[in-house]
Amino acid sequence: NKDLNIDKITMACKYFIGEHDFTSFTKLDEPKNCIRNIFDLNITFENNLLMIKFEGNGFLRYMVRNIVGTLLAVGEGKIEPQEIKTIIEHKNRQEAFLTAPPEGLYLYDVYY
């Protein structure tokens, strides 16, 4: 129900792709090793439905929801896409934005 800038969200996605320490995007008491690799992050928007598809080698608790919350902040104009890089580098959960609600979150497939 918000007016989102999909182009900015798409630009912000590129900062998550690759191997990073995702401490800023997980629960505060997560294990010390928060390094994960996101292979692909795709955004589609049609029929007033925003779909965000993640592919990676593993995900931390609340990681996907926290990334989505931050992407929505980008789309709302609260931060610029390039600020994602700084949030990742600082490894500080307080710098990322609100956790997106779990409704609409689905595990689509698992590859081994």
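Here the structure is a predicted model, which is why all the values come from computation and not from measurement.

Here is what the cut-offs are and how they apply
- Residues numbered from 1 in each chain as written.
- Predicted model: local features only at pLDDT ≥ 70, side-chain atom pairs only at ≥ 80, totals over all residues.
- Heavy atoms only, no water.
- Helix = DSSP H or I, 4+ residues; strand = E, 2+ residues; numbered from the N terminus.
- Buried < 20%, exposed > 50% of the residue type's maximum accessible area, 1.4 Å probe, protein only.
- Lys, Arg positive; Asp, Glu negative; His and termini not counted.
- Salt bridge = Lys/Arg side-chain N within 4 Å of Asp/Glu carboxyl O.
- Contact = heavy atoms within 4.5 Å.
- Pairing = 2+ DSSP bridges.
- pLDDT = per-residue confidence, 0-100.
- Patch = residues over 30% accessible without salt bridge, like charges linked within 9 Å, V, L, I, M, F, W, Y side chains within 5 Å.
- Areas by Shrake-Rupley, 256 points an atom, 1.4 Å probe, with all protein chains shown as cover.
- Arc of directions from axis to C-beta.
- Polar contact = N/O pair within 3.5 Å; in protein donor to acceptor, adjacent residues only side chain to side chain.
- Core = buried A, V, L, I, M, F, W, Y, C linked by side-chain atoms within 4.5 Å.

### Section: the side chain of arginine 65
- Mapping arginine 65 onto the fold places it in helix α2 (residues 63-75).
- Salt bridges are absent for the buried arginine 65, whose nearest opposite-charge side chain, glutamate 103, sits at 6.8 Å.
- Those residues within four positions of arginine 65 in sequence are excluded, and the remaining contacts are Leu98, Thr99, Ala100, Pro101, Pro102 and Leu105.

### As for the pairing of strand β2 (residues 35-46)
- With 4 bridges connecting them, strand β1 (residues 18-21) and β2 associate as antiparallel partners. Paired with glutamate 19 across the two strands is asparagine 37, which belongs to β2.
- One ladder, built from 8 bridges, connects β2 with strand β3 (residues 49-56); its direction is antiparallel. Residue pairing for β3: isoleucine 43 is matched across the bridge by isoleucine 52.
- From the end of β2 to the start of β3, which pair antiparallel, there are 2 residues, and asparagine 47 there has a positive phi angle of about 55°.

### Comments concerning unusual backbone geometry
- Here the phi dihedral of tyrosine 62 falls at roughly 65°; this positive angle occurs in a residue that is not glycine.
- Secondary-structure assignment places tyrosine 62 in the loop between β3 and α2.
- If you check the backbone angles, lysine 91 has positive phi at about 50° while not being a glycine.
- Mapped onto the elements of the fold, lysine 91 is located in the segment after α3 (83-90).
- Residue lysine 91 is classed as partly exposed on the basis of its relative accessible area of 45%.

### Here's the deal with the confidence of the model for the protein
- Per-residue pLDDT for the protein has a mean of 91; in total, 97% of the residues score no lower than 70.
- Element-level mean pLDDT values for the protein span from 92 in β3 up to 97 in β1.

### Here we look at a nonpolar patch on the surface
- On the surface, Leu107, Val110 and Tyr112 cluster together into a nonpolar patch covering about 480 Å² of accessible area.
- For leucine 107, the position within the fold is in the segment after α3.
- Of the residues examined, leucine 107 reaches a relative accessible area of 73% and is grouped as exposed.

### Side note on helix α1 (residues 6-13)
- Those residues of α1 that fall on the buried side of the exposure criterion are Ile6, Ile9, Ala12 and Cys13. Here the buried residues of α1 occupy an arc of 120° about the axis, which is enough to place them on one side.
- One side-chain oxygen of the residue at the start of α1 lies 3.1 Å from the amide nitrogen of aspartate 7, identifying that residue as asparagine 5.

### Here's the deal with the nonpolar core
- Ranked by internal contacts, the top residues of the largest apolar core, which has 25 residues, are Phe16, Phe22, Phe25, Ile38 and Ile67.
- Leaving out residues up to four positions away in the same chain, phenylalanine 16 has contacts with Phe22, Phe25, Ile38, Leu41, Ile67, Leu71, Ile84 and Ile88.

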